[in-house]
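Working through the structure, step by step
Given next are the chains, with one letter for each unit.
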Amino acid sequence: MPPRRDAEFIVSDGSEPEDDDLDEDYVASRAARARKGKGKGKELAGDSRKAQDQSYAWEASYKRSWDTVQEDEAGSLQAAVQDLVARSKRRRLLGGDAPIRRTIIRHMMLLMDLSTAMLDRDMRPSRFDLTLSYAREFVGEWFDQNPLGQMGVVGMRNGVGERIGEMSGNPQEVLKCFADKTKLEPAGEPSLQNSIEMARASMSHLPTHSSREILILFGSLTTVDPGNIHDTVDACLRDQIRISIVSLSAEMKICRDMCERTGGVFGVALNEGHYKDLLFELVPPPAEKSSASHLAAKAAANESELMQMGFPTRLPSTAPPSLCVCHSRLRSEGYICPRCNSKVCDVPTDCDICGLMIVSSPHLARSYHHLFPAPAYKAIVELDGSEAPTCHGCSQPFPTAARDRNLVPEEGMSPFGRYRCPKCKHDFDAECDMFVHDVLHVCPGCG
Ligand SMILES: [Zn+2]
Ligand SMILES: [Zn+2]
Ligand SMILES: [Zn+2]
Ligand SMILES: [Zn+2]
C-alpha cells in the first residue's frame, strides 16, 4: 500500500465503500452528478437508466484486483494465486516457432534518464528509484540470457550524456554503476542527441557480426539537443544500431520514429508492473533484421559467416602477478589471449591488443539455446484417457479432474495442468514447463 497524504484524506462513513480513496473534490462532483441525474430521470427514464450503466471512464476502468481472485472449495486462495502467476508466466513463453536468425553476441548501451522528470512520484516509490531497481534486475537477467553480451551505461542529465559504465562483459561491473545512488542523483534536462551520440561512439569499433543496441529508459517529455536529432538517427541507421525506448510518461513522436526506423521497440509504461514487462521483453536476443528471402537464400546456399573466437587460458590466483592490458593493474588472476598472449581481466571480451574475441566455452554453450530453443509445450484441454498419470519431469501425479472450468484455452492454460511436448508427446506440469523453458532450455523427454 502506498503511503497516503494525510492532509487531503477524508474518512469514509461507510455508506459508500468504494469512495474510501477519493478526495473531497471528487465526492462533490459525484453528488452534483447524482442531482443532475435525478432531474433528468423524470423526463427521460430510459435515458437515465442508460446513463447509470455507462459510468464515467475513470470509474469504469477502476477494477479491483481482488475481484479476479476466487477461493477454492476449501476456502484457500493459494490455487488462485498460483494460477495467476502461472498464467502471466505462460503468456511470456507463448512465442512463435518461426525460424528466425538471432544475434547471440550482443552489445547494448543502456541510456538512463537522470533528469528531474525522474523525480516524479507517479510510480512508487519514485521513477528514479524504481528504474534503478529494475535496471539491476534487468542487468542480471540480461547477462544470464546473453552470456556473450556486453553492456555499457550512459546517464542523461544537465543536457549532456554522462558515461557511467564502460562496455563490459562482466555483470558485476555493470551492476556497480547502479550501486551508488548519490552519484546518479537526477538533475536538469536530458539530451537524447548527446547521449545517443556518446553511445554510438562507444560502439563504432564493434565488428559486424555482433548486434549494436541502445536501450533508453526515458522519463522526460523534453530533450535538449545541440543539433538536428534526425541526423543522429540517420547515423544510427548507417551503423546498424537498433534503438529501443521505454517511456515512463507518454509517447513522443521523435521517440517512436527513432525506434521504428532503427527496428527497435517502443513502449510506454502504464504502471510499475507494465514497466517491468516492457523492460524484460528486451532480454531475449532480437531477431536479425535482414529479410526472410535473404535468409532463405543464404540457407539454401549453405552459406554461413565464420568468425574467429579464442578460448583463453585461465591463470590461477597462485600465478605470479602481472599487468593486465585492460586496466594496467597488477593482478594474479586473469585470462591469457591464445593469439597474442596478452593478459585480460574478464571474459567475454575483445582482446585489447589483437582484437580477437575471447570467450569461455561455458559462455558459448549457454548462448546455444537461443538458436535451438525447446519447443513450446501445448496445453491439454481434453483428456482421452490414455495419458500418463504423472509428470514426465518430476513424477508428481496430475489432477484427474479439471480444476477450473473458467480458464480459457486461448490463454494457453490447461485445466488439467498438463502441457505436452509436440515432439516427444510427454506430459509435463506447469512447474516443469516453466523450468524447462526458463532454465534448462532443452526438453528432458526429447533427450
Ligand atoms: Zn584489467
Ligand atoms: Zn590478443
Ligand atoms: Zn513436473
Ligand atoms: Zn520433448
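Residues numbered from 1 in each chain as written. Chains lettered and ligands numbered in written order. Predicted model: local features only at pLDDT ≥ 70, side-chain atom pairs only at ≥ 80, totals over all residues.

Scanning the protein chain for helices and strands turns up 13 helices and 17 strands. Put simply, the protein chain has 447 residues, and 29% of those count as buried. Expressed as a percentage of contacts within the protein chain between residues at least 6 apart in sequence, the contacts between residues at least 24 apart total 63%. (Helix = DSSP H or I, 4+ residues; strand = E, 2+ residues; numbered from the N terminus. Buried ≥ 20, exposed ≤ 12 C-beta atoms within 10 Å, placed from the backbone. Contact = placed C-beta atoms within 7 Å.)

What follows is about the nonpolar core. Within the largest apolar cluster, 49 residues are counted, with the highest numbers of intra-cluster contacts made by Leu110, Leu111, Ile214 and Ile245. Among the elements that line this core, the one with the most residues is helix α5 (residues 127-145), at seven residues. The next biggest cluster of nonpolar side chains, apart from the first, holds eleven residues, and it includes Ala379, Cys421, Cys432 and Val436. (Core = buried A, V, L, I, M, F, W, Y, C linked by C-beta atoms within 7 Å.)

Where burial is concerned, most of strand β4 (residues 211-218) is hidden: eight out of the eight residues are buried. Taking every second residue as pointing to the same face, both faces of β4 are buried, with Ser211, Glu213, Leu215 and Leu217 on one and Arg212, Ile214, Ile216 and Phe218 on the other. Where β4 and strand β5 (residues 241-247) come together, seven bridges link them in parallel fashion. Looking at β5, one finds that Leu217 is bridged to Val246. Note on the crossover from β4 through helix α8 (residues 229-238) to β5: the handedness is right-handed. (Pairing = 2+ DSSP bridges. Right-handed = clockwise from strand over helix to strand, strands pointing away.)

All right, on to the UniProt feature "zinc finger region: C4-type" (unreviewed entry) in the protein chain then. Taken from the UniProt record, the annotation "zinc finger region: C4-type" (unreviewed entry) applies to residues 337-354. Here residues 337-354 is 0% helix and 22% strand, with 9 Å between the C-alpha atoms at its ends. (UniProt positions renumbered as here; feature names shortened; annotations may be inferred.)

Moving on, we come to the packing of helix α7 (residues 192-203) against α8. The N-to-C vectors of α7 and α8 enclose an angle of 25 degrees; their axes lie 10 Å apart at closest approach. Taken together, the axes of α7 and α8 lie roughly parallel to each other. When you trace α7 past α8, the crossing you get is left-handed. Counting all contacts with α7, which are made through Leu192, Gln193, Ile196, Glu197 and Arg200, the residues of α8 involved are Ile229, Thr232, Ala235 and Cys236. For the contact of α7 with α8, a count of residues per class yields five nonpolar, two polar and two charged. (Axes fitted to C-alpha atoms, helices over the stretch in contact; angles between N-to-C directions. Parallel < 35°, antiparallel > 145°, perpendicular 65-115°, else oblique. Left-handed = near helix turned anticlockwise from the far one by under 90°. Nonpolar A, V, L, I, M, F, W, Y, C, P; charged D, E, K, R; others polar.)

With that settled, the discussion passes to helix α10 (residues 272-280). The complete set of buried residues in α10 reads Tyr275, Leu278 and Leu279. The buried residues of α10 occupy an angular sector of 95 degrees when the element is viewed end-on, so they sit on one face. (Arc of directions from axis to C-beta.)

Those residues carrying the UniProt feature "domain: C2H2-type" (unreviewed entry) are residues 421-441 in this numbering. From the first C-alpha to the last, residues 421-441 spans 13 Å; its make-up is 52% helix and 10% strand.

Right, let's talk about the sheet that holds strand β16 (residues 419-420) for a bit. With respect to topology, three strands assemble into an open sheet ordered β15-β16-β17, the strand pairing being antiparallel. Either end of the sheet is taken by a strand with one partner, and the two such strands are β15 (378-379) and β17 (427-428). In terms of strand pairing, β16 meets β17 through two bridges, oriented antiparallel. Note on β17: the bridge partner recorded for Arg420 is Asp427.

Note that the residue after Arg124, namely Pro125, is joined by a cis bond; omega there is -5 degrees. The phi dihedral of Gln240 falls on the positive side, at around 55 degrees, and the residue is not glycine. Along the chain, Gln240 falls in the loop between α8 and β5. Its identity as a non-glycine residue notwithstanding, Ser328 has a phi of 55 degrees, on the positive side. For Ser328, the position within the fold is in the loop between β9 (322-323) and β10 (330-331).

A few words on α7. Along its twelve residues, α7 runs 16 Å from first to last C-alpha, staying within 8% of the 16 Å computed at 1.5 Å per residue. Along α7, nine of the twelve residues are buried, which leaves the element largely enclosed by surrounding structure. On the buried face of α7, the contacting elements are β1 (106-113), β2 (150-157), β3 (160-168), β4, α8 and β5. (Expected span 1.5 Å × (residues − 1).)

A separate point is the sheet that holds β3. An order of β3-β2-β1-β4-β5-β6 is seen for the six strands of this open sheet, with the pairing classed as mixed. Looking along the sheet, the strands with just one partner apiece sit at the ends: β3 and β6 (266-268). Taking the axes of each pair of neighbouring strands and ignoring which way they run, one obtains an average angle of 15 degrees across the sheet. One ladder, built from six bridges, connects β2 with β3; its direction is antiparallel. When the sheet's bridge partners are listed, Arg157 is paired in β3 with Val160.

Summarising the model, the protein chain shows a mean pLDDT of 79, and 71% of its residues fall at 70 or more. The secondary-structure element of the protein chain with the lowest mean pLDDT is helix α1 (residues 24-43), recorded at 43, while β5 shows the highest, at 95. Predicted confidence for residues 1-48 stays below pLDDT 50, and this span has 15 contacts to residues more than four positions away or in other chains. (pLDDT = per-residue confidence, 0-100.)

In this section: the packing of α5 against α10. Packing of α5 against α10 leaves a shortest axis separation of 10 Å and a crossing angle of 30 degrees. With respect to α10, the element α5 is oriented roughly parallel. For the pair α5 and α10, the sense of crossing is right-handed. Contacts between α5 and α10 involve Leu130, Tyr134, Phe138 and Glu141 on the former and, on the latter, Glu272, Tyr275, Lys276, Leu279 and Phe280. Within the contact of α5 with α10, the residues separate by chemical class into six nonpolar, no polar and three charged.

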